[in-house]
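Each chain is listed here by its residues.
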Amino acid sequence: MTPQQQSAILAVVQELQIAVRQQKRKQQKEAIRQLVAMRAQMGAQWQAIANIALQIGELSLAREAIDCLVETGGDTSLAQYHKALLLEQCGDLDEAYALLRTLPRDTPNPVTNAYRRGVTALYLGKAEEARSEFEGATRLQPRMGVAWLMLATSVDLGSETEVADRIVAAGREMDQAEPAERAQTPH
């Protein structure tokens, strides 16, 4: 990358920072559009840029930004995981689900992977798969309150008393968990 290219990218990043601080949606959109067009080598910062685009309602621009993360980040499993999260947030559940299923189970870690697969499966009406994933997450991290909550939403607790009993028992254990673990959503 030439010094002129670096300078141009830096100038656009500064414009984006100012636009974000001043909550100027149109300028945020334009700065992100320019960075995407430049295919700026910004590494993990593309994830934050994609999230800004998502926050201002620019879903296709958010997708383009997350694609830059994948392209410039070497197409790693972690970059693909972040892309799947963004796709889910954009409402592209089928695509997010398909992408999550291609990733290694330890990306970004086994607990978060199982939880996220479960959430996406549940959103798509795949209750049995969701249940299996949430049970896996709770086995791996018994004090993960949000996984227990999602497990509770994926089964009929009235007819599955064994699962209901496990959830109640886990709730008692939550009193000893760190506050952040009680209902933290992994990303």
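Higher on the page you've got the structure.
What you see is a predicted model; the values in this text were computed from it and never measured. (Residues numbered from 1 in each chain as written. Predicted model: local features only at pLDDT ≥ 70, side-chain atom pairs only at ≥ 80, totals over all residues. Heavy atoms only, no water.)

Notes on the packing of aromatic side chains
Enumeration according to the criterion identifies 1 aromatic pair in this entry. Between tyrosine 115 and phenylalanine 134, the ring centres sit 6.1 Å apart and the planes meet at 50 degrees, which makes this aromatic pair tilted. A residue pair is termed long-range when its members are at least 10 positions apart, and tyrosine 115 in helix H7 (residues 110–123) and phenylalanine 134 in helix H8 (residues 127–140) qualify at 19 residues. Judged by its relative accessible area of 4%, tyrosine 115 is buried. Judged by its relative accessible area of 0%, phenylalanine 134 is buried. (Phe/Tyr/Trp six-rings, centres within 6.5 Å; stacked < 30°, edge-to-face > 60°. Helix = DSSP H or I, 4+ residues; strand = E, 2+ residues; numbered from the N terminus. Buried < 20%, exposed > 50% of the residue type's maximum accessible area, 1.4 Å probe, protein only.)

Examining the pattern of salt bridges
For the structure shown, the criterion picks out 11 salt bridges. The partner of aspartate 92 in a salt bridge is arginine 63, and the shortest N-O contact between them spans 2.4 Å. With aspartate 92 in the loop between helix H5 (77–89) and helix H6 (93–102) and arginine 63 in helix H4 (residues 59–72), this residue pair connects regions lying 29 residues apart in the sequence. Looking at arginine 63, the relative accessible area reads 24%, which means it is partly exposed. (Salt bridge = Lys/Arg side-chain N within 4 Å of Asp/Glu carboxyl O.)

Overview of the packing of H4 against H5
Interhelical geometry of H4 versus H5 gives an angle of 170 degrees and a closest axis separation of 9 Å. Considered as vectors, H4 and H5 are oriented roughly antiparallel to each other. When H4 is examined against H5, the residues Ala62, Arg63, Ile66, Asp67, Leu69 and Val70 are found in contact with a partner set consisting of Ala79, Gln80, His82, Lys83, Leu86 and Leu87. Tallied by class, residues from the contact of H4 with H5 come to 7 nonpolar, 2 polar and 3 charged. (Axes fitted to C-alpha atoms, helices over the stretch in contact; angles between N-to-C directions. Parallel < 35°, antiparallel > 145°, perpendicular 65-115°, else oblique. Contact = heavy atoms within 4.5 Å. Nonpolar A, V, L, I, M, F, W, Y, C, P; charged D, E, K, R; others polar.)

Brief notes about helix H2 (residues 25–38)
Taking 1.5 Å as the rise per residue, H2 with 14 residues should run 20 Å; its terminal C-alpha atoms sit 20 Å apart, in good agreement. Among the structural elements, helix H1 (3–21), helix H3 (45–55) and H4 are those in contact with the buried residues of H2. (Expected span 1.5 Å × (residues − 1).)

Regarding unusual backbone geometry
A cis amide bond links threonine 107 to the next residue, proline 108, at an omega of -10 degrees. Relative to the helices and strands, proline 108 resides in the loop between H6 and H7. Positive phi outside glycine occurs at glutamine 23, with the angle close to 55 degrees. Note that glutamine 23 resides in the loop between H1 and H2. Unusually for a residue other than glycine, arginine 39 sits at a positive phi of about 50 degrees.

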